[in-house]
Amino acid sequence: MSPTPWGAPEAVAVHQAVGIGGTPPRPDGAQKVRGSFAYSSDLSAEGMLWGATLRSPHPSARILSLDPSRARELPGVFAVLTHEDVPGSKFYGLERRDQPVLALDEVRYQGEPVALVAADHPETARRALALIEVEYEVREPLTDPRLAAFDPDRPSLHPQGNLVRHQPIRSGDTEAARRRDDLVVVRAEFEIGMQDQAFLGPESGMAVPDGDGGIDLYVSTQWLHHDKRQIVPVLGLPEDRVRLTLAGVGGAFGGREDLSVQIHMALLALATDRPVKMSYGRDESFLGHVHRHPAQMRYEYGATRDGRLVYADVEIVFDGGAYTSATPGVVGIGSSLCLGPYEVPHVEVDVYGVYTNNPPCGAMRGFGGVQGCFAYESMMDRLAAELGMHPLEIRRINAITAGSRIANGQAVDAPQPFRSLLDEIAAIPLPEPLAAGADQRDLPGGLSGSTRPDGVVRGVGYGVGMKNACFSGGDDDYSTARVRLAVTDGELTAHLHTAAAEVGQGLTTVAAQIARTELGVERVVLLPADTSVGDSGGSSASRQTYMTGGAVKAACEAAREELFRLATRRLGLSDRPGDDLSVEGGKLVSRRDGVLADLAEVLDGRSVDVTREYHHRPTSAVDPLTGLGDSHVQLIMCVHRAVVDVDAELGLVRVVALDAVQDVGRVINRGGLEGQIHGGSAQGLGLALMEEIVLDGGRVQNASFTDYLIPTALDVPRMRLRLVEHPDPHAPYGVRGAGEAPTLSATPAIVSAVRAATGLALTRIPLRPHDIALGERTEGVPA
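We now turn to the structure provided with this report.

Basis of the calculations
- Throughout this description, residue numbers start from 1 for each chain and increase along the sequence as written.
- Thresholds applied to this predicted model are a pLDDT of at least 70 for local features of residues and 80 or more for the giving and counting of side-chain atom pairs; totals over whole chains, interfaces and linings are not thresholded and use all residues.
- In computing side-chain properties, one takes all heavy atoms of the structure into account and sets aside hydrogens as well as water.
- Helix numbers and strand numbers start at the N terminus; a helix is a DSSP run of H or I with at least 4 residues, a strand a run of E with at least 2.
- Helix span, expected: 1.5 Å multiplied by one less than the number of residues in the helix.
- The cut-offs for exposure are 20% and 50% of the maximum accessible area for each residue type, with area from a 1.4 Å probe on protein chains only; residues under the lower value are buried, those over the upper are exposed, and the others partly exposed.
- Any N or O atom pair separated by 3.5 Å or less is treated as a polar contact, with the protein-specific requirement of one donor-capable and one acceptor-capable atom, and with residues adjacent in sequence counted only for side-chain atom pairs.
- Contact criterion: two residues are considered in contact whenever any of their non-hydrogen atoms come within 4.5 Å of each other.
- Any two strands are treated as partners once DSSP identifies two or more bridges connecting them.
- The angle between two axes is taken between their N-to-C directions and runs from 0 to 180 degrees, where each axis is a line fitted to C-alpha atoms and a helix contributes only its stretch in contact.
- Residues belong to one nonpolar core when they are buried, are Ala, Val, Leu, Ile, Met, Phe, Trp, Tyr or Cys, and are joined through side-chain atoms within 4.5 Å.
- Seen with the strands pointing away from the viewer, any crossover whose path from the first strand over the helix to the second strand runs clockwise is right-handed.
- Centre distance within 6.5 Å is the pairing criterion for rings of Phe, Tyr and Trp, where only the six-membered ring of Trp is used; planes under 30 degrees apart are then read as stacked, over 60 as edge-to-face, and the remainder as tilted.
- As a reminder, the over-ring test applies to NZ of lysine and CZ of arginine, requiring each to be within 6 Å of the ring centre and within 35 degrees of the ring normal.

### Digging into helix H16 (residues 670-689)
In an α-helix there are 3.6 residues to a turn, and that puts residues three or four apart on one side.
Argument step 1. In this model H16 runs 29 Å from its N-terminal to its C-terminal C-alpha over 20 residues, within 8% of the 28 Å that 1.5 Å per residue would give.
Argument step 2. Among all positions in H16, only Leu 673, Ile 677, Gly 680, Ser 681, Ala 682, Gln 683, Gly 684, Leu 685, Gly 686, Leu 687, Ala 688 and Leu 689 are buried.
Argument step 3. Where H16 starts, the residue carrying a side-chain oxygen 3.3 Å from the main-chain nitrogen of Gly 671 turns out to be Asn 669.

Spelled out as structure tokens, the structure:
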């Protein structure tokens, strides 16, 4: 094994009495607040080198020649690598292995990696990159996804063409439904720009050769085992020679599902036989990870005059960028959720994922559901305006309930209190009206002093989001947990080991709470996440509390049963009924006789060590032609009500209130749960009003936090949350995923409120000041 670098994670002992339902302090909380937490960018090792990547400045070009000789001659440079130096497979990928480790004979997007350098100082590495001579034949980039998909005269960016996936849904008879003479029909087209995950910790990590041909990687990622599955074929090493450990993660939101530094630093470390650290700057981070898919959407709804939906005709085109990444999954989720939580008997849907020469797009919080949610909620508002109904009433009329079917035909087989969520959001009091002498900080222009109170108009809007949890479409999704129960340092201790990535969502806190609940211990030791234990799946799809929580629960239950067997033999308890024994506060307790023994006495110097996998209930792939199938494990619901103040003359918006009601199944950690809803709502606010990667001919124009704007504490209002608990009978403890649904519903709620204030159609997000100041009033939009 290689030496452990400074900053690598260590086992953390947590001593608390708080089980599920409470809010214990986070194990990493104090360190993060004080600034002493070691993130992946803090890693260091004796004799380490710095890695750097040469990236293409062009969105589309042929590589005519590449000469690294001058860079290799620079003092302090230890290696310069091109695709010719890749020992194994030259391709990798999240769902399809179509992305070159280093460009071969062409580049397909700005920022594509072309060569690698390892040097003894980061500045030397950067100087070496500038000495690598690359001659390009620049081509006209293909950046319009509709042209890429549907224009036969456009070039194919990949051998199989420009279509990543097309998923239709066909249910009922939309043609017959259109012929009804009692319908109100509304139509609209919508567009969403490219959003970035904007995590605060740029991509970084360290690769350390073990001196025997193997390698240890310390990485900031969302899925250790899937990273390894992509890395091993490229390095050409046996699986057991490649080991991954989770380093400190500075946020993720889907942007760390794809590989970034992992393969590159491993290649450099193996080539130099030295530890190699790589750490992106902010501008490189914007080029070095995937983004949310932009989308162009066309919607047509037909409804009866009493507001009941009859048919929906939908087309969505996702811009997947240059490589596949998660686009097939985004298309699948996007199609199945494109009508939201509403009953529609006749459905015709076509969803496309397309290759372009724009930056690659992949996973981001909401994964295919965000785009459609903006469109279908906007359509519900249009329909309400057309029929003269309140926006909540049109949603109540069409709301799914237990037994209803969503767009892909899947039946809702768990409690679904959609209508009660609408009632809950309506019951939250509205904020006080804007006062005539309002503080300048409470106006849309803020302290700039640009807005006058008499020019501000208030609007109220609603948004409902429905998101699936866990991996869908027939995937045998599972998680693994190991639990060792022993007396350590004189105290009964549960040691937890999983490969699940703690990316800031609070999973380690939840895992410790479950262990305390199931094993009756107060001291829990959390071992670093690595690939020496079984796969825990990705920290995505709102799945880790459900899946790894389920695995920890199963392992703890098995450990408890082994304790009972030990106690039965040691204390002579064979005549007890099966439900007589329990563990509480480090004691073995009998319902009949009270405390029987200390658990340490039962163990008698031994330990109980078990590993369990947790698999969720089976799902199925959808039919490729009809799109129908029971593809989802669970559905999550969140409702937002937004209140905004708008200076329509200047196009400025201030979000006054962004209240939410969410069905959480069962509360495991209230503080963490509320934090997830706050965070998801803030990202939805960002998409509604400010966050967009601006592209010009495939080139990113705003690769910095100076120009790519994200919400701050001054932009996000205080939120009032109501958590509703309707346990899912299929889930551990009845939990529901939490983090993604509020990202869906916050965006349309805010845009709906701006529409209500201005009377504008506002069909593209994020809203820009000129969209409001220069927008035209459109019929069918509520004023």
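### Here we look at the environment of Val 487
Argument step 1. Relative to the helices and strands, Val 487 resides in strand S20 (residues 478-488).
Argument step 2. The exposure class of Val 487 is partly exposed, given its relative accessible area of 39%.
Argument step 3. It is 74 Å that separates the C-alpha atoms of Val 487 and Arg 179, two residues lying 308 residues apart in sequence.
Argument step 4. The contact partners of Val 487, leaving out residues within four places of it in the chain, are Leu 492, Ala 600 and Leu 603.

### Regarding the sheet that holds strand S4 (residues 77-81)
Argument step 1. The strand order across the open sheet built from 7 strands is S4-S8-S2-S15-S12-S13-S14, with neighbouring strands paired in mixed fashion. Only two strands of the sheet have a single neighbouring strand rather than two, namely S4 and strand S14 (242-246). The mean angle between the axes of side-by-side strands here comes to 20 degrees, regardless of whether they run parallel or antiparallel.
Argument step 2. Of the strand pairs in this sheet, S4 and strand S8 (residues 113-119) are connected by 4 bridges, and their pairing is antiparallel. Note on S8: the bridge partner recorded for Val 77 is Ala 119.
Argument step 3. Sheet strands touched by helix H3 (residues 122-131): strand S2 (49-55), S4 and S8. Its angle to S2, the strand with the most contacts, is close to 30 degrees.

### Things to note about helix H6 (residues 224-235)
Argument step 1. Compared with the 16 Å implied by 1.5 Å per residue over 12 residues, the 16 Å span of H6 between its first and last C-alpha is a close match.
Argument step 2. Taking burial as the measure, the 12 residues of H6 include 10 buried ones, the bulk of the element.
Argument step 3. Within H6, burial applies to Leu 224, His 225, His 226, Asp 227, Lys 228, Gln 230, Ile 231, Val 232, Val 234 and Leu 235.
Argument step 4. Buried residues in H6 make contact with strand S5 (91-92), strand S13 (215-219), S14 and helix H7 (262-272).
Argument step 5. Gly 236 sits one or two positions beyond H6 and adopts a positive phi of about 70 degrees.

### Quick notes on the nonpolar core
Argument step 1. If you look at the biggest cluster of nonpolar residues, it comprises 141 residues, and the most contacted ones within it are Met 297, Tyr 299, Tyr 301, Ile 316, Leu 339, Leu 485 and Ile 750.
Argument step 2. Here this core takes 12 residues from helix H14 (residues 544-571), the largest share from any one element.
Argument step 3. Apart from the residues lying within four places of it in its own chain, the contact partners of Tyr 301 are Val 184, Val 185, Val 186, Leu 309, Tyr 311, Ala 312, Cys 338, Leu 339, Tyr 376, Met 379 and Met 380.
Argument step 4. Counting 40 residues, the second-largest nonpolar core is a separate cluster that includes Ala 207, Val 242, Met 278 and Ala 501.

### Regarding the sheet that holds strand S17 (residues 309-321)
Argument step 1. Taken in spatial order, the 6 strands line up as S10-S18-S17-S16-S11-S32 in an open sheet, and their pairing is mixed. Looking along the sheet, the strands with just one partner apiece sit at the ends: strand S10 (163-171) and strand S32 (764-765).
Argument step 2. Where strand S16 (residues 295-304) and S17 come together, 9 bridges link them in antiparallel fashion. Bridging from a neighbouring strand, Gly 302 pairs with Tyr 311 of S17.

### Regarding the pairing of S14
Argument step 1. Along S14, 5 of the 5 residues are buried, which leaves the element largely enclosed by surrounding structure.
Argument step 2. Side chains of S14 alternate between two faces, with Val 242, Leu 244 and Leu 246 and Arg 243 and Thr 245 buried alike.
Argument step 3. Judged from the 5 bridges that link them, S13 and S14 form a sheet pairing that is parallel. Each residue of the ladder has a partner; that of Val 219, found in S14, is Leu 246.
Argument step 4. Handedness of the S13-H6-S14 crossover: right-handed.

### A short note on the packing of aromatic side chains
Aromatic rings considered in pairs are described by the distance between their centres and by the relative angle of their planes.
Argument step 1. The tally for this structure, following the rule as stated, stands at 12 aromatic pairs.
Argument step 2. With centroids separated by 4.8 Å and ring planes inclined at 70 degrees, the aromatic side chains of Phe 37 and Tyr 39 adopt a geometry described as edge-to-face.
Argument step 3. Their ring planes at 80 degrees and their centres at 6.2 Å tell us that Tyr 342 and Tyr 376 sit as a pair that is edge-to-face. Here the residue Tyr 342 occupies a position in the loop between helix H9 (327-336) and strand S18 (346-355), and Tyr 376 occupies one in helix H10 (residues 369-387), the gap between them amounting to 34 residues.
Argument step 4. Aromatic ring contacts, followed pair by pair, group Phe 190, Tyr 299, Tyr 301 and Phe 374 into a single cluster.
Argument step 5. Stacked on the ring of Tyr 280, the Lys or Arg Arg 55 has its end atom at 5.0 Å from the ring centre.
Argument step 6. In this arrangement the basic side chain of Arg 543 is found over the ring face of Phe 471, its NZ or CZ atom lying 4.8 Å from the centre.

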